[in-house]
Amino acid sequence: KAGVTQTPRYLIKTRGQQVTLSCSPISGHRSVSWYQQTPGQGLQFLFEYFSETQRNKGNFPGRFSGRQFSNSRSEMNVSTLELGDSALYLCASRRGLEVTEAFFGQGTRLTVV
Amino acid sequence: ELKVEQNPLFLSMQEGKNYTIYCNYSTTSDRLYWYRQDPGKSLESLFVLLSNGAVKQEGRLMASLDTKARLSTLHITAAVHDLSATYFCAGDDTGTASKLTFGTGTRLQVTL
């Protein structure tokens, strides 16, 4: 069965621009969480969506936002990009609220220049 | 706020040797997760530990959870080169794996 799919895999943007990343969860999974991975800060939780509603949010500025569609696909948007936003962005999918295992996608490598 | 600490940060070990990675967490988190990450790749789920005293084994890796000590361990038996990767533990204070708090990771290098 297909895993978690993230697009694009690589992205280069300029400071001040905005970017949208996409995540398609495993078929049948309704929860999507987003994480940022950097060498300095490690893996940090951004937010989680379930049934098109944001349920949890990490400590990131309002420039980071997300949404989930009725087919469970999720997008995250970063506006006014800063150099420090360069990171690997990972999404994880879970079947439902009660399930305790999360499966990660390959990630999107964002470079801000 | 849940905090997760791993040690060591870096581990270089010879093939055939045994070693243990430690994961301490700060507050209530009765579930603990172990992931493996190869360079430039995503996170692969290794173990999900759901209760105190849980022990799981897969090949040369064995993970355990002691919720009273707030400690999980990942034991590597007779290491082989293929185990070289970064290993992360993660806690979860929501009980549902929806908001994982990760440790800093342990980079394991297995040499001949």
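See the structure shown above.
Attention here is on the structure that accompanies the text.

## Looking at the interface of chain B and chain A
Okay, step 1: If you look at the interface, chain B gives 19 residues, while chain A gives 20 residues.
Okay, step 2: When chain B packs against chain A, the two sides together hide about 1,600 Å² of surface, and 52% of this comes from carbon and sulfur.
Okay, step 3: Our enumeration of links across chain B and chain A arrives at five residue pairs in polar contact (both at pLDDT 80 or more).
Okay, step 4: Residue assignment for the side of chain B that touches chain A shows that the elements contributing at least two residues are strand E4 (32-37) and strand E5 (43-49) of chain B.
Okay, step 5: Partitioning the side of chain B that touches chain A into residue classes produces nine nonpolar, seven polar and three charged.

## Remarks on the packing of aromatic side chains
Okay, step 1: The full count for this structure, using the stated rule, is nine aromatic pairs over all chains.
Okay, step 2: Each ring, one from A:Tyr35 and one from B:Phe102, has its centre 5.6 Å from the other, and the planes form 90°; the classification is edge-to-face. Here B:Phe102 lies in strand E10 (residues 101-102) and A:Tyr35 lies in strand E4 (residues 31-38), a pairing that spans two chains. One exposure class covers both A:Tyr35 and B:Phe102, and it is buried.

## A look at the sheet that holds strand E7 (residues 64-68) of chain A
Residue and element names in this part refer to chain A.
Okay, step 1: Spatial ordering of the open sheet is given by E1-E3-E8-E7, a layout of four strands whose pairing is antiparallel. Each of the sheet's edge strands pairs with one partner strand only, and the pair in question is strand E1 (5-7) and E7. Neighbouring strand axes in the sheet, compared pairwise and without regard to direction, differ in orientation by 20° on average.
Okay, step 2: Bridging between E1 and strand E3 (residues 19-24) involves three bridges; their strand directions are antiparallel.

## Focus: the pattern of salt bridges
All names here are of chain A.
Okay, step 1: Applying the stated criterion across every chain, the model contains eight salt bridges over all chains.
Okay, step 2: The salt bridge involving glutamate 48 is made with arginine 94; its shortest N-O contact spans 2.9 Å. In this pair, glutamate 48 is assigned in strand E5 (residues 42-50) and arginine 94 in strand E9 (residues 87-94), connecting sequence segments 46 residues apart.
Okay, step 3: The exposure class of glutamate 48 is buried, given its relative accessible area of 0%.

The rules behind the values
- Residues numbered from 1 in each chain as written.
- Chains lettered and ligands numbered in written order.
- Predicted model: local features only at pLDDT ≥ 70, side-chain atom pairs only at ≥ 80, totals over all residues.
- Heavy atoms only, no water.
- Contact = heavy atoms within 4.5 Å.
- Buried area = accessible area lost by both parts, 1.4 Å probe.
- Polar contact = N/O pair within 3.5 Å; in protein donor to acceptor, adjacent residues only side chain to side chain.
- Helix = DSSP H or I, 4+ residues; strand = E, 2+ residues; numbered from the N terminus.
- Nonpolar A, V, L, I, M, F, W, Y, C, P; charged D, E, K, R; others polar.
- Phe/Tyr/Trp six-rings, centres within 6.5 Å; stacked < 30°, edge-to-face > 60°.
- Buried < 20%, exposed > 50% of the residue type's maximum accessible area, 1.4 Å probe, protein only.
- Pairing = 2+ DSSP bridges.
- Axes fitted to C-alpha atoms, helices over the stretch in contact; angles between N-to-C directions.
- Salt bridge = Lys/Arg side-chain N within 4 Å of Asp/Glu carboxyl O.

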